[in-house]
Amino acid sequence: MARPVYVTGIGMTPFRKKYDITLSELAQEAVVRALRDAGFDRNRVEAVYSGSAWGGPLLGQRILRDLGMTGVPLVNIENACSSGSTALHQGWAAVAQGMYDAVLVIGSEKLSRFGSGALPLEDDDHEVRLGQVMPAVYAMRAQRYFHEYGGTPADLAQVAVKNRRHAGLNENAQFRDPITVEEVLASRPVADPLTLLMCCPKADGAAALLITSERYRNGRSVEVRTSRLTSGVFEDGIVDTTIDEITVRCAKETYESAGIGPEDVDVAEVHDAFASAEVFYYEALGFCKQGEGLNLVRSGATAIGGRIPVNPSGGLLSKGHPLGATGVAQIVEIVEQLRGEAGARQVEGAKVGLTHCTGGGIAGMDHGACTMHVLVR
Amino acid sequence: MKQCSVYRNKKEAVPKQPDSEDRPGESGRRHRQGVVVLVKKLNADFWKQLSENEAVLLMSECASCGKRNFPPLRFCPNCHAENPEKKEMSRLGTLYSFSRVHVPHKLYSAPYIVGYVDFPEGLRVFGQIRANFEDLRIGMKVATSVCSFGEGEEAVLAYCFVPAQKE
């Protein structure tokens with residue numbers, strides 16, 4: 001039977017456009033911060049799960065070799081944008097099942113290596129060979145959403161404006177200067193109707209978590225009530241792409257296993273790779289009804305101080321999206337919120353936090369992967 | 001269509017080559033004035049060219065369970081029967097959604113238009129669209145056509161979609 005699992009230590013680097021140190025050096029910063037945050041002896045870490053999309057072979061070993069943390073079971077994990085959150089899921093499962101009492105979870109990425117433009121996708125994919133890029137996937141969903149439910153690019157811009165306002169309160173975010181709806185709309189087009197400021201920027205960054213059982217729990221530990229991982233369902237038929245099936249399915253499993261509903265969530269970090277995506281996820285996560293996502297952002301409900309603050313960290317849109325680090329950094333934010341250590345961006349009285357991280361573009365699927373976590377204090 | 005100039009040498013074509021291991025989905029080779037010219041056809045196993053600017057897509061249809069897929073698959077995903085039969089799809093479909101891309105995939109230069117087209121066979125297909133962006137509307141009829149990307153020996157042929165009334 002599964003036993004309680006806790007996040008006992010958190011650490012992350014600021015997300016920045018480019019770090020002039022290696023990926024493994026960057027990740028070491030996050031690891032040391034997480035161990036210090038927990039006041040935990042590195043020799044008691046029993047296993048390590050390291051997630052990265054483009055980290056290359058043996059990244060976990062490269063990170064830990066110079067930290068004197070070698071000779072333990074170590075798994076390197078790739079699941080596109082969900083790589084880090086998948087590493088957390090694996091570490092959580094191992095602790096929940098009683099294999100270990102203390103594991104380290106790392107997520108890290110250096111996207112500065114790719115320069116500008118959309119991220120390269122695999123040419124194995126027949127849509128990619130014909131010119132598919134991630135922004136176009138989201139742009140086409142947005143275009144269809146407008147057709148079904150109404151709405152304008154100015155509505156989408158409000159998501160970017162809100163998340164940037166939040167990022168102004170977060171030193172770890174890459175972009176912190178406030179922006180206006182007009183500036184978002186006037187930024188250069190990426191894939192109509194999405195403009196540059198509606199798309200998450202690339203980033204370099206790393207985040208790490210010390211995950212423990214009751215044995216090493218301390219006064220600042222936050223319980224991981226549930227961890228869910230699922231993969232995309234293949235569908236090349238005629239479906240409604242304004243409904244993010246993988247998130248709907250993962251959310252149902254998550255709420256059931258956590259014994260809560262969307263109305264119980266006090267704060268959420270969701271995968272706003274594009275402004276339109278955050279709106280779809282409001283609906284898929286049950287924060288509002290289908291077709292009412294734009295109303296929700298217009299109402300201010302998803303800003304700090306609103307009914308259900310979403311992405312108080314600034315989200316991918318303002319923090320940047322170092323793929324492997326993203327899902328782990330979402331947990332860092334929620335733990336700070338539930339500990340009451342989030343400073344100026346604190347969501348008052350937050351007791352239940354949710355993270356949602358999808359992974360990857362692949363023909364015939366909403367996404368390759370989806371992970372969700374519920375944390376409680 | 002001007003962009004289909006590569007097609008003019010069709011009658012000189014030599015038998016189709018199997019897909020290269022290194023370049024999935026590309027094939028087509030022919031002789032022109034004694035020189036072997038590689039004509040890359042993207043996703044070559046998924047479509048047939050009917051004329052200079054007409055093409056038809058190929059789906060797989062499982063003989064055992066009837067499951068249809070685009071692109072055609074090696075195994076039926078429903079019952080794992082091998083090599084389901086390939087059949088021609090309708091040439092006309094309905095535009096489900098579209099976007100104009102300004103950050104191109106490395107093979108292409110921006111801007112270009114992409115879209116999803118729904119076919120009567122119950123299948124949705126992604127492809128590029130050749131049209132004035134302003135003329136496109138969700139729900140309009142589009143036809144399966146052939147487009148060439150790039151110039152001369154660099155040219156790549158692929159299926160694409162055009163507004164049906166402009167055929």
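Worth saying up front: this structure is predicted, and the values here are computed from it rather than measured.

Contact with chain B, which involves 33 residues of that partner, is made by 28 residues of chain A. For the side of chain B that touches chain A, the element with the most residues is strand β7 (residues 92-101) of chain B, which contributes six residues. Here the residues of the side of chain B that touches chain A are counted per class, giving 20 nonpolar, ten polar and three charged.

Our focus in this paragraph is the domain arrangement of chain A. Residues and elements named next belong to chain A. Each assigned domain of chain A is listed with its residue range as follows: domain 1 (6-114 + 204-221) and domain 2 (126-201 + 226-376). Using C-alpha coordinates to define each centre, domain 1 is positioned 23 Å away from domain 2. Contact with domain 1, which involves 34 residues of that partner, is made by 30 residues of domain 2. Within the residue set of the side of domain 1 that touches domain 2, elements represented by two or more residues are β1 (6-12), α3 (83-96), β4 (102-110) and β7 (204-212). Among the residues forming the side of domain 1 that touches domain 2, the class breakdown is 16 nonpolar, 13 polar and five charged.

Right, let's get into unusual backbone geometry. Look at the link from Asp192 of chain A to Pro193 of chain A: it is a cis peptide, with omega at 10°. Summarising the element assignment, Pro193 of chain A is placed in the loop between β5 (189-191) and β6 (194-195). Here the amide bond leading from Phe70 of chain B into Pro71 of chain B is cis, since omega sits at -5°, within 30 degrees of zero. Its place among the elements puts Pro71 of chain B in the loop between β5 (68-69) and β6 (85-88). Positive phi outside glycine occurs at His80 of chain B, with the angle close to 65°. At Asn83 of chain B, a residue that is not glycine, the phi angle is positive and equals roughly 45°. You can see Asn83 of chain B is positioned in the loop between β5 and β6.

What follows is about the pairing of strand β8 (residues 222-231) of chain A. All names here are of chain A. By the bridge criterion, two bridges tie β1 to β8 in an arrangement that is antiparallel. Bridging from a neighbouring strand, Tyr6 pairs with Glu223 of β8. The pairing of β8 with strand β11 (residues 369-376) spans eight bridges and is antiparallel. Bridge pairing in β11 places Leu229 opposite Thr371.

Right, let's get into helix α8 (residues 245-258) of chain A. Residue and element names in this part refer to chain A. In a regular helix each residue adds 1.5 Å, so 14 residues correspond to 20 Å; α8 covers 20 Å between its end C-alpha atoms and thus fits that length. Within α8, burial applies to Ile246, Thr247, Cys250, Ala251, Thr254, Tyr255 and Ala258. Along the axis of α8, the buried positions cluster into a sector of 150°, meaning they face one direction only. Immediately downstream of α8, the backbone of Gly259 shows phi near 70°, a positive value.

As a further point, take the nonpolar core. Residue and element names in this part refer to chain A. Ranked by size, the top nonpolar core spans 151 residues in total, and within it Val105, Ala208 and Leu209 carry the most contacts. No fewer than three residues from each of domain 1 (6-114 + 204-221) and domain 2 (126-201 + 226-376) sit in this core. Discounting chain neighbours no more than four positions away, the residues touching Leu209 are Val7, Gly9, Ile10, Ala34, Leu88, Val105, Val328 and Ile331. Ala167, Ala173, Phe175 and Ala203 belong to the second-largest nonpolar core, a separate cluster that totals six residues.

About the thresholds
- Residues numbered from 1 in each chain as written.
- Chains lettered and ligands numbered in written order.
- Predicted model: local features only at pLDDT ≥ 70, side-chain atom pairs only at ≥ 80, totals over all residues.
- Contact = placed C-beta atoms within 7 Å.
- Helix = DSSP H or I, 4+ residues; strand = E, 2+ residues; numbered from the N terminus.
- Nonpolar A, V, L, I, M, F, W, Y, C, P; charged D, E, K, R; others polar.
- Domains from an automatic or database assignment.
- Pairing = 2+ DSSP bridges.
- Expected span 1.5 Å × (residues − 1).
- Buried ≥ 20, exposed ≤ 12 C-beta atoms within 10 Å, placed from the backbone.
- Arc of directions from axis to C-beta.
- Core = buried A, V, L, I, M, F, W, Y, C linked by C-beta atoms within 7 Å.

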